[in-house]
Amino acid sequence: MSEGRRWTVGVELVVPEHEVEVFWRLYEQAFAPLRPLAAARQVLTREEFGHELVDHRVEKHVARDGSGRPIGMTTLTRDLSTVPWISPEFFAARFPEHAARDAIFYLGFSLVHPDYQGSAVFGDLLSSCLVEFTRAHGVCGYDVCGYNDDVLRMDTMIRRTMAARSSVTHEKLDRQTYYCVVSP
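Residues numbered from 1 in each chain as written. Predicted model: local features only at pLDDT ≥ 70, side-chain atom pairs only at ≥ 80, totals over all residues. Heavy atoms only, no water.

Engineer: So what about the overall build of the protein? Which residues, and what values?
Structural biologist: Counting its regular elements, the protein contains seven helices and five strands. The order of α-helices and β-strands along the protein, N terminus first, is β-α-α-β-β-α-α-β-α-β-α-α. Buried positions account for 42% of the 184 residues belonging to the protein. Summarising the internal contacts of the protein: among those between residues at least 6 apart in sequence, 71% fall at separations of at least 24. Element-wise, carbon and sulfur atoms account for 53% of the exposed surface of the protein, whose accessible area totals about 10800 Å². On the protein, the mean spot of the 20 positive side-chain charges and the mean spot of the 25 negative ones are 5 Å from each other. (Helix = DSSP H or I, 4+ residues; strand = E, 2+ residues; numbered from the N terminus. Buried < 20%, exposed > 50% of the residue type's maximum accessible area, 1.4 Å probe, protein only. Contact = heavy atoms within 4.5 Å. Areas by Shrake-Rupley, 256 points an atom, 1.4 Å probe, with all protein chains shown as cover. Lys, Arg positive; Asp, Glu negative; His and termini not counted. Charge placed at Lys NZ, Arg CZ, Asp CG, Glu CD.)

Engineer: If you had to explain the sheet that holds strand β2 (residues 58-65) to someone new, which residues and values would you point to?
Structural biologist: With respect to topology, five strands assemble into an open sheet ordered β1-β2-β3-β4-β5, the strand pairing being mixed. At either margin of the open sheet sits one strand with a lone partner, and together these are β1 (7-12) and β5 (139-141). Each adjacent strand pair in this sheet contributes to an overall mean axis angle of 25 degrees, direction not counted. Where strand β3 (residues 70-77) and strand β4 (residues 104-112) come together, five bridges link them in antiparallel fashion. What sits directly across from Gly 72, in β4, is Val 112. (Pairing = 2+ DSSP bridges. Axes fitted to C-alpha atoms, helices over the stretch in contact; angles between N-to-C directions.)

Engineer: Outline the nonpolar core, listing residues and values.
Structural biologist: Core analysis: the biggest nonpolar cluster contains 21 residues, and Leu 107, Val 121 and Met 162 have the highest contact counts within it. When contributions to this core are tallied by element, the ones reaching two or more residues are β3, β4, α5 (121-135) and α7 (154-165). Examining the composition of this core, we find that seven residues originate from one element, α5, more than from any other. Those residues in contact with Val 121, other than ones at most four positions away along the chain, are Trp 7, Ala 63, Ile 71, Val 112 and Tyr 116. Leu 34, Ala 38, Met 73 and Cys 145 belong to the second-largest nonpolar core, a separate cluster that totals 18 residues. (Core = buried A, V, L, I, M, F, W, Y, C linked by side-chain atoms within 4.5 Å.)

Spelled out as structure tokens, the structure:
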């Protein structure tokens with residue numbers, strides 16, 4: 001129980017078909033505003049999103065309220081090929097011992113129903129993922145666009161949440177900056 005509300009977090013490999021649209025609406029609420037704010041595409045298409053929800057290689061850490069209604073989700077995978085915008089080879093070269101043990105994870109998207117934003121739901125979703133990769137003595141990558149990092153401070157929130165719940169360490173792996181040349 002947190003802030004007078006109750007919810008549970010569990011791991012699902014496939015989201016039931018009748019809930020895909022519920023999650024799509026939550027996803028759109030959370031991510032649509034990023035479309036004009038980030039140079040790299042931050043929002044999955046409806047087709048990509050639907051595929052991810054039924055891909056058993058991607059764990060869905062799902063928060064549900066007391067009545068079972070979905071109120072949040074964070075995705076986590078060990079199969080880095082499911083994340084098309086990253087390089088599995090980069091992670092394997094950087095963490096060869098972890099790669100040999102299949103202990104490299106990647107956090108995908110996180111979303112929380114507007115009624116629960118500011119509650120502990122996001123932290124509980126991250127904690128559920130944290131259990132998975134710390135159990136494997138793994139490493140877990142994630143990415144944050146400039147807007148979410150600079151304005152919403154998502155990396156700081158993720159780092160603090162994980163540090164408060166485990167003895168993990170944190171490091172910046174890479175950075176990509178977009179430039180343009182404008183002709184008068």
